[in-house]
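Notes for the structure review
So you can see what is in the structure, the chains are spelled out below.
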Amino acid sequence: MDILDYAFMQRALIAALLVGITAPAVGIYLVQRRQALMGDGIGHVAMTGVGLGFLLSASPVWMATAVAVLGSVLMELIRWYGKTRGDIALAMLFYGGMAGGVMFINLAPGGSNANLTSYLFGSLSTVSESDVTAICLLAAFVVLVTLGLRRQLFAVSLDEEFARVTGLPVRALNLLTAVTAAVTVTVAMRVVGLLLVSALMVVPVAAAQQIAKGFATTFVIAVAIGVSVTLGGTVTSYYQDVPPGATIVLLTIAAFLLLTALAAPLARRRVRRQTPGDPAECVVPDSVAATGGAEAEESIPATRRPAGGSGV
Amino acid sequence: MSEPVISLRGVRAELGSRPVLRGIDLTVHHGEVVALLGANGSGKSTAVRTVIGQVPVTAGEIELFGTPRRRFRDWRRVGYVPQRTTAAGGVPATVTEVVSSGRLSRTRFGMLRKADHDAVRAALELVGMAERAKDSVNALSGGQHQRVLIARALAAEPELLIMDEPMAGVDLASQQVLADTLEKQVSEGASVLLVLHELGPLEPLIDRAVVLRDGCVLHDGPPPKAVGQHALPGHDHVHPHADHDAAPIRTGLLG
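Residues numbered from 1 in each chain as written. Chains lettered and ligands numbered in written order. Predicted model: local features only at pLDDT ≥ 70, side-chain atom pairs only at ≥ 80, totals over all residues.

Some details on the overall build of chain A
Test applied: Helix and strand labels come from DSSP, where a helix needs a run of H or I of at least four residues and a strand needs a run of E of at least two; each type is numbered from the N terminus. Buried means a residue has 20 or more other C-beta atoms within 10 Å of its own C-beta, exposed means 12 or fewer, and partly exposed covers the counts in between; C-beta atoms are placed from the backbone. A pair of residues counts as a contact when their C-beta atoms, built from backbone coordinates, are within 7 Å of each other.
Each helix and strand in chain A was counted, giving 14 helices and zero strands. In chain A, which comprises 312 residues, the share counted as buried stands at 48%. Counting contacts in chain A only where the partners sit at least 6 residues apart, residues at least 24 apart contribute 73% of the total.

A closer look at the overall build of chain B
Along its length, chain B carries seven helices and 10 strands. Sorting the 255 residues of chain B into buried and exposed places 50% on the buried side. A sequence separation of at least 24 residues applies to 69% of the contacts in chain B between residues at least 6 apart.

What about the sheet that holds strand β8 (residues 191–195) of chain B?
All names here are of chain B. Let me state the cut-off plainly: We call two strands paired when DSSP finds no fewer than two bridges between them. Only the contacting stretch of a helix is used when fitting its axis, a line to C-alpha atoms as for every element, and angles between N-to-C directions run 0 to 180 degrees.
On the basis of which strands lie adjacent, the open sheet formed by six strands has the order β6-β7-β8-β3-β9-β10 and mixed pairing. The sheet is open, and its two edges are formed by β6 (78–81) and β10 (216–221), each paired on a single side. Going across the sheet, the axis of each strand differs from the next one's by a mean of 15°, ignoring polarity. The pairing of strand β9 (residues 208–213) with β10 spans five bridges and is antiparallel. The residue bridging alanine 209 from the neighbouring strand is glycine 221, located in β10. Contacting β6 and β7 (160–164), helix α4 (residues 142–154) crosses the sheet at an angle of about 165° to β6.

Details of the pairing of β7 of chain B
Residue and element names in this part refer to chain B. Applicable threshold: By definition, the crossover connecting two strands over a helix is right-handed if that path, from the first strand to the second, turns clockwise as seen with the strands pointing away from the viewer.
Burial of β7 is extensive: four of the five residues sit out of reach of the surface. Pairing analysis gives four bridges linking β6 to β7, with the strands arranged parallel. Residue pairing in the sheet places tyrosine 80 in a bridge with isoleucine 162 of β7. Across five bridges, β7 lies against β8 in parallel orientation. The residue of β8 that forms the bridge with aspartate 164 is valine 195. For the crossover that starts at β7, traverses helix α5 (residues 172–187) and ends in the parallel β8, the hand is right-handed.

Brief notes about the sheet that holds strand β2 (residues 18–29) of chain B
Residues and elements named next belong to chain B. Strand order in this open sheet of four strands is β2-β1-β4-β5, and the pairing throughout is antiparallel. Either end of the sheet is taken by a strand with one partner, and the two such strands are β2 and β5 (67–68). Alignment of strand β1 (residues 4–15) against β2, held across nine bridges, turns out to be antiparallel. Bridging across to β2, arginine 12 finds its partner in arginine 22. Sheet strands touched by helix α1 (residues 44–51): β1, β2 and β4 (57–64). Its angle to β2, the strand with the most contacts, is close to 65°.

Comments concerning the environment of proline 158 of chain B
Residues and elements named next belong to chain B. Looking at the element boundaries, proline 158 is found in the loop between α4 and β7. Residue classification places proline 158 among the buried positions, given that 22 C-beta atoms sit within 10 Å. Separated by 152 residues in sequence, proline 158 and isoleucine 6 place their C-alpha atoms 14 Å apart. Setting aside residues up to four positions removed in sequence, proline 158 forms contacts with Arg76, Arg77, Val78, Gly79 and Ala153.

Overview of the packing of helix α2 (residues 38–55) of chain A against helix α10 (residues 197–209) of chain A
Residue and element names in this part refer to chain A. For clarity, the cut-off: Each angle receives one of four descriptions, namely roughly parallel if under 35 degrees, roughly antiparallel if over 145, roughly perpendicular if within 65 to 115, and oblique otherwise. Each helix crossing is assigned a hand: it is left-handed if the near helix lies turned anticlockwise from the far helix by less than a right angle, otherwise right-handed if that turn is clockwise. Amino acids outside the nonpolar list (Ala, Val, Leu, Ile, Met, Phe, Trp, Tyr, Cys, Pro) and the charged list (Asp, Glu, Lys, Arg) are all regarded as polar, and Gly is one of them.
Running from N to C, α2 and α10 cross one another at 165°; their axes reach a closest spacing of 8 Å. With respect to α10, the axis of α2 lies roughly antiparallel. As α2 runs across α10, the sense of the crossing is right-handed. From α2, Gly39, Asp40 and Gly43 reach across to α10, where they touch Val197, Ser198 and Met201. In terms of residue class, the contact of α2 with α10 is built from two nonpolar, three polar and one charged.

Some points on the interface of chain B and chain A
If you look at the interface, chain B gives 35 residues, while chain A gives 38 residues. Taken together, the elements giving at least two residues each to the side of chain B that touches chain A come down to β6, α2 (95–101) and α5 of chain B. For the side of chain B that touches chain A, a count of residues per class yields 14 nonpolar, 15 polar and six charged.

Here's the deal with α5 of chain B
The condition that has to hold: One less than the number of residues in a helix, times 1.5 Å, gives the span that helix is expected to have.
For α5 of chain B, built from 16 residues, the straight-helix expectation of 22 Å at 1.5 Å per residue is met to within 8% by its first-to-last C-alpha distance of 22 Å. Residue glycine 189 of chain B follows α5 of chain B closely and has a positive phi angle near 105°.

As for the environment of serine 101 of chain B
Residue and element names in this part refer to chain B. You can see serine 101 is positioned in helix α2. Exposure remark for serine 101: the 27 C-beta atoms within 10 Å place this residue in the buried category. Separated by 97 residues in sequence, serine 101 and proline 4 have C-alpha atoms that sit 28 Å apart.

Observations regarding α2 of chain A
All names here are of chain A. Over its 18 residues, α2 runs 26 Å from end to end, which matches the ideal 26 Å to within 8%, given 1.5 Å per residue. Counting buried residues along α2, 16 of its 18 residues qualify, which places the element largely inside the surrounding structure. Positive backbone phi, at 40°, marks serine 57, one or two positions downstream of α2.

A closer look at unusual backbone geometry
Of note, aspartate 241 of chain A is a non-glycine position whose phi angle comes to about 55°, a positive value. By secondary structure assignment, the location of aspartate 241 of chain A is in the loop between α11 (215–240) and α12 (244–274). According to the C-beta neighbour criterion, aspartate 241 of chain A is exposed, with 7 such atoms within 10 Å. Phi is positive for glutamate 165 of chain B, close to 50°, though the residue is something other than glycine. In this fold, glutamate 165 of chain B is placed in the loop between β7 and α5.

A word on the packing of helix α1 (residues 7–32) of chain A against helix α6 (residues 129–148) of chain A
Angle between the axes and distance between the axes are the two parameters that describe a pair of packed helices. All names here are of chain A. Interaxial distance between α1 and α6 falls to 10 Å at its minimum, and their mutual angle equals 25°. As far as their axial angle goes, α6 and α1 are roughly parallel. In this structure, α1 meets α6 at a crossing whose hand is left-handed. Taken together, the residues of α6 that come into contact with α1 (itself represented by Arg11, Ile14, Ala15, Leu18, Ile21, Thr22, Ala25 and Val26) are Val132, Ile135, Cys136, Ala139, Val142, Val143 and Thr146. When the residues that make up the contact of α1 with α6 are grouped by side-chain class, the tally is 12 nonpolar, two polar and one charged.

Re the nonpolar core
If you look at soluble globular proteins, the nonpolar side chains tend to sit buried side by side. Here is the rule we go by: Buried Ala, Val, Leu, Ile, Met, Phe, Trp, Tyr and Cys residues whose C-beta atoms connect them within 7 Å together make up a nonpolar core.
Val19, Ala46, Val185, Ala188 and Leu200 of chain A together with Leu36 and Ala151 of chain B are the most contacted members of the largest nonpolar core, which totals 165 residues. Excluding residues that lie within four positions of it along the chain, alanine 46 of chain A makes contacts with Ala64, Val67, Ala68, Val185, Thr186, Met189 and Leu194 of chain A.

Quick notes on the environment of tryptophan 80 of chain A
Position of tryptophan 80 of chain A among the secondary structure elements: in helix α3 (residues 60–81). In this structure, the C-alpha to C-alpha distance between tryptophan 80 of chain A and leucine 147 of chain A, residues 67 residues apart in sequence, is 26 Å.

In structure tokens:
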């Protein structure tokens, strides 16, 4: 394992591991709320932070965190108060953020779009000591929120209206989700880059859904996929001289395709296991009265599953 | 003993800038089952959603268990069954996971203890969905999905149930399960506010009907053309009510 002999590879692997955990952990709540592309929007906004970091010669990671958090709060506010023109406001926020980044970085002394590229597409080998410290702190926050408040975030993401009636602070939890997503974007920025962040938030979750039945299992499988692809991509890029960010994203999509292909036969086997010698199928009218039809409809999930799953 | 559990006085609400409620009065007393009826767009769902705070009111007062809704924090006493729209969220969830989220109002920091897990299981058994506990909600039929949503509301063991069109798109078997579940809750002292399109199989349970039209209360009294049902044997609920506007109520109380 000569790969571990280099300090820059150690740092890269730590960063990759943390991104593999945090991105799907936040992404699952975004996907559940059907805001899968929110990470992409935050990524655009974070570019302004990177540009500001260069211009003010401050840490681009912390600057991007500050601006991304601000942007995500703004997006959440637009979601509350904006009615019909919400999407237009969001578009202005996204592209304003992107343009701001390009503008600031070119205003910075000696800055050019080339500096921006490493943030747009990731640059694992240039991850510094201080970057790793920042990534560790931010990742700790993300894990604390996504695991510690999982039941509350699940309830709010599933059904806001119902969550309000259970007395949960719905707005505070929505804001927290947005802020956590923003923090995750900046955690992942150095590894996969701002433009590819969203893929790592969404695709592992979509892949996990193909074979999982519940939220908890989806969460675990998505994080497992996330860690495998980020570590796998980093190692591959070390040996094969390919860009790590792109490798990671392509690996994630490959994982999605693989699990989708596996899901159909899995569901079919589940049907076969249930049907043989199941007399409930033949005495439907009686069992409906007795059990409220629970057994009579036992065969529905398996036959429906592939159709519902591939619609992701 | 007959404190109103829900009380709306002169409530007005707008969606966009269109007035949907134009000053409605609605009271649900302890142990009472009230149906909110009306055509599509009459404001019945909006009325219920003002009660839970999902739709802001522009005028009027809302009280829950005698507390102004703004200051009401005791949400564990309320079970809510929203109108079923799209099946589930973007991520699969098991029946148990969904029903457990209804228990959060009784937990501290979202930690589920043994009593909480027991309550979730009991709620699932009540609606006959215990065998499906580990299945994905995406795999359920419309009626089964509705039963899960009702189990979620019952998981907190509420004193007041608020249901928005619980029978919409529900198969006959599930309708019967829902009616039985509701009857059991009522016999144990629960109060219920139901939004209904038609009385249907719940008819014998309903003490009073409030009919809305264009955001105004058109009728508040015995359920329309349901008086005969209340005379049938089997309708033996006794519900004490407050004295005010007792006259229209009493006609619906033959128990």
